[in-house]
Amino acid sequence: MAKANPFEVAQKQLDQCAKIIKLDSDVHAILRVPMRELHISLPVRMDDGSVKIFQGFRVQYNDTRGPTKGGIRFHPDETIDTVRALAAWMTWKCALLDLPLGGAKGGVICNPKEMSQTELERLSRAYIQGIYNFIGPDRDIPAPDVYTNPQVMAWMMDEYSKIAGKNQFGVITGKPLRLWGSAGRDDATARGGIYTLREAARECGIDLKKATAAVQGYGNAGYYAAYLAKRLLGCKIVAVSDSKGGIFTKEGLEPEAVRKYKAKTGSVINFPNTKAISNEDLLQLEVDVLIPAALENVITERNAPNIRAKIVAELANGPTTPEADDILYKNGVHVIPDFLCNAGGVTVSYFEMVQNLYMYYWEEKEINERLDKKMSIAYHSVLSASQKYNINMRQAAYVVAVERVVDAMKLRGWV
Ligand code: NAD
């Protein structure tokens, strides 16, 4: 089966929202395409002395509400349409969280797993040289994404600062703490999702202290989700998984012990006193809460009728297909959609920008309190729209976000 073009998916989602809110056709046409995109060729000296040309992109989808923001991916399968789709989703995510930012995304076609650290550093610096005039602390602020990390952000910030002739820490977020990254960024994505889960449980009348949860994926998002669901909400984590398979115990897992075990053995599988289950079994467990935190398209038309969780908290991007969405909605499953549930990462990135600007740094407690407030307000705005229009939570998230962008366009006199 041919893989869906992500940008076409993003456009279809917008089309659906346009129908619900009866969006003016001219405004709709403007929002269906990115405002600006830059395509660059990057010559990079490799360690063997040869020069290799890499292709890079930066897409600024919409800057009506403020400077654009979005991560940079280093990936061999990167395409301009993936970058366009992710830039569109960043636009809606920032609007939904009511951040004064637009949406962007960047990428370089490369395989960092086959590159040395010095090659990676030269590529990171070359990328910034290529997009220097396109970005800036008040124009477009990148961040890490797939296969880029705080070290890559540090090199990029340094290159930008060198060209500018002064320190420009605020040009990029996701920096190491020693270079003025933000406290709380490590677990921000999962923590934000956990705050929305708490609100959703209240709405659904579920006592999370007596609830069971299953988490698919045990990386940054999945591990912290399991850890915080237990620690902050009192959930019993009965199953977790990674790419090699899953583990189940009705007694409940100790997330930190599982993390240490995975660090040692490379996987969660065979963790003592657990039963082996497949990733597919995990999705269909009789639990109160299901947290997909790995891949896209795991809940489909095929398995959606068997999902028994009462709440699905989507920490992964795009785990549920549109057909599965309809089934879950009909079956009364409460879905916290991805660009709401996983917005904690960009929200703390925004806090990093604010701290860089003020040159004053908040403690982790303050970051978490501010994050909680932002996530809770966003959750309730989506819930209200879902009730007002009688639509599912994903469509409702689109309605809230798109209406905010459209209002700003009108107020600026663009439409
Ligand atoms: P990660 O690389 O740290 O972890 C991914 C996890 O998924 C790993 O445990 C891996 O083993 C597991 N996995 C891979 N293939 C799998 C499979 N077939 N079945 C089950 N598990 C599988 O990545 P991450 O940062 O935790 O991101 C996970 C998801 O969360 C992605 O969809 C990502 O886009 C989304 N997300 C992450 C952040 C963030 O700040 N980390 C922010 C927003 C969205």
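So, here is what we can say about the structure in this document. All values reported here derive from a predicted model rather than from experimental measurement.

The rules we used
Residues numbered from 1 in each chain as written. Predicted model: local features only at pLDDT ≥ 70, side-chain atom pairs only at ≥ 80, totals over all residues. Heavy atoms only, no water. Near = heavy atom within 4 Å. Polar contact = N/O pair within 3.5 Å; in protein donor to acceptor, adjacent residues only side chain to side chain. Areas by Shrake-Rupley, 256 points an atom, 1.4 Å probe, with all protein chains shown as cover. Nonpolar A, V, L, I, M, F, W, Y, C, P; charged D, E, K, R; others polar. Buried < 20%, exposed > 50% of the residue type's maximum accessible area, 1.4 Å probe, protein only. Helix = DSSP H or I, 4+ residues; strand = E, 2+ residues; numbered from the N terminus. Pairing = 2+ DSSP bridges. Expected span 1.5 Å × (residues − 1). Phe/Tyr/Trp six-rings, centres within 6.5 Å; stacked < 30°, edge-to-face > 60°. Lys NZ or Arg CZ within 6 Å of the ring centre and 35° of its normal. Salt bridge = Lys/Arg side-chain N within 4 Å of Asp/Glu carboxyl O. 1 Å grid on protein atoms, 1.4 Å probe; cavity = no way out; pocket = protein on both sides within 12 Å on 5 of 7 lines; lining within 4 Å. Points joined across faces, edges and corners; volume = space filled by probe spheres on them. Patch = residues over 30% accessible without salt bridge, like charges linked within 9 Å, V, L, I, M, F, W, Y side chains within 5 Å. Axes fitted to C-alpha atoms, helices over the stretch in contact; angles between N-to-C directions. Contact = heavy atoms within 4.5 Å. Parallel < 35°, antiparallel > 145°, perpendicular 65-115°, else oblique. Left-handed = near helix turned anticlockwise from the far one by under 90°.

## Observations concerning the site of the ligand
Residues in close proximity to the ligand total 19 residues, the closest being T189, Y218, N220, A221 and N317. The contact in question runs from an oxygen atom of the ligand to an N or O atom on the backbone of A221, over 2.8 Å. For the ligand, the protein covers 68% of the area, taking 830 Å² as the surface of the free molecule. Of the residues in the shell around the ligand, the class split is 7 nonpolar, 9 polar and 3 charged.

## As for the pairing of strand β5 (residues 140–144)
Counting buried positions along β5 gives 4 out of 5 residues, so the element sits mostly inside the fold. Here strand β3 (residues 68–75) pairs with β5 via 5 bridges, running parallel. Bridge pairing links G70 to P142 in β5.

## Details of helix α6 (residues 188–204)
Taking 1.5 Å as the rise per residue, α6 with 17 residues should run 24 Å; its terminal C-alpha atoms sit 24 Å apart, in good agreement. The first or second residue beyond α6 is G205, which carries a positive phi of 70°.

## Comments concerning the packing of aromatic side chains
Under the counting rule described, the total for this entry stands at 12 aromatic pairs. Ring centres 6.5 Å apart and planes at 75° place the aromatic pair F7 and Y61 in the edge-to-face group. Of this pair, F7 sits in helix α1 (residues 6–20) while Y61 sits in strand β2 (residues 51–62), and the two are 54 residues apart along the sequence. Here F7 falls in the buried class, since its relative accessible area comes to 8%. Aromatic rings pair up to connect F7, Y61, W92, F339 and Y398 into one cluster. Taking NZ or CZ as reference, R259 lies 5.5 Å from the ring centre of Y223, over its face. In this structure, R370 packs its charged tip against the face of W362, placed 4.1 Å from the ring centre.

## Here we look at the pattern of salt bridges
Inspection of every chain in the model, using the stated rule, returns 31 salt bridges. Ionic pairing is found between K260 and E256, a salt bridge with its closest N-O pair at 4.0 Å. Of this pair, K260 and E256 both sit in helix α8 (residues 255–265), separated by 4 residues, roughly a single helical turn. Linked through salt bridges whose partners overlap, the residues forming this network are E121, R125, D158, E159 and K162.

## Overview of the layout of surface pockets
By volume, the second largest pocket is sized at about 400 Å³. Lining the second largest pocket are 17 residues, with P137, G170, M353, N356 and L357 positioned closest to its centre. Considered class by class, the residues forming the lining of the second largest pocket number 12 nonpolar, 4 polar and 1 charged.

## Some thoughts on a nonpolar patch on the surface
Taken together, the side chains of I30, M35, W414 and V415 make up a nonpolar region of the molecular surface, amounting to roughly 310 Å² of accessible area. With relative accessibility at 37%, the residue I30 sits in the partly exposed group.

## Remarks on the sheet that holds strand β12 (residues 334–336)
What the 7 strands build is an open sheet, ordered β9-β8-β7-β6-β10-β11-β12; its pairing is mixed. Of all the strands in the sheet, just β9 (275–277) and β12 have a single pairing partner and so form its edges. Strand-to-strand twist of the sheet, defined as the mean angle between neighbouring strand axes without regard to direction, takes the value 20°. Where strand β8 (residues 245–248) meets β9, 3 bridges bridge the pair, whose relative direction is antiparallel. Counted as the bridge partner of I247 is A276 from β9. Packing of α6 onto the sheet brings it into contact with β10 (289–292), β11 (311–313) and β12, and relative to β12 it is tilted by some 160°. In this fold helix α7 (residues 220–233) packs onto β6 (212–216), β7 (236–242) and β10, with an angle of close to 175° to the strand it touches most, β7.

## Concerning the packing of α6 against helix α13 (residues 364–389)
At a minimum axis separation of 9 Å, α6 and α13 run at an interaxial angle of 45°. Taken together, the axes of α6 and α13 lie oblique to each other. Remark: the crossing between α6 and α13 carries right-handed chirality. When α6 is examined against α13, the residues A188, R191, G192, G193, Y195, T196, R198, E199, A200 and E203 are found in contact with a partner set consisting of N368, L371, D372, M375, S376, Y379, H380, L383 and Q387.

Nothing here speaks to function; it is all geometry.
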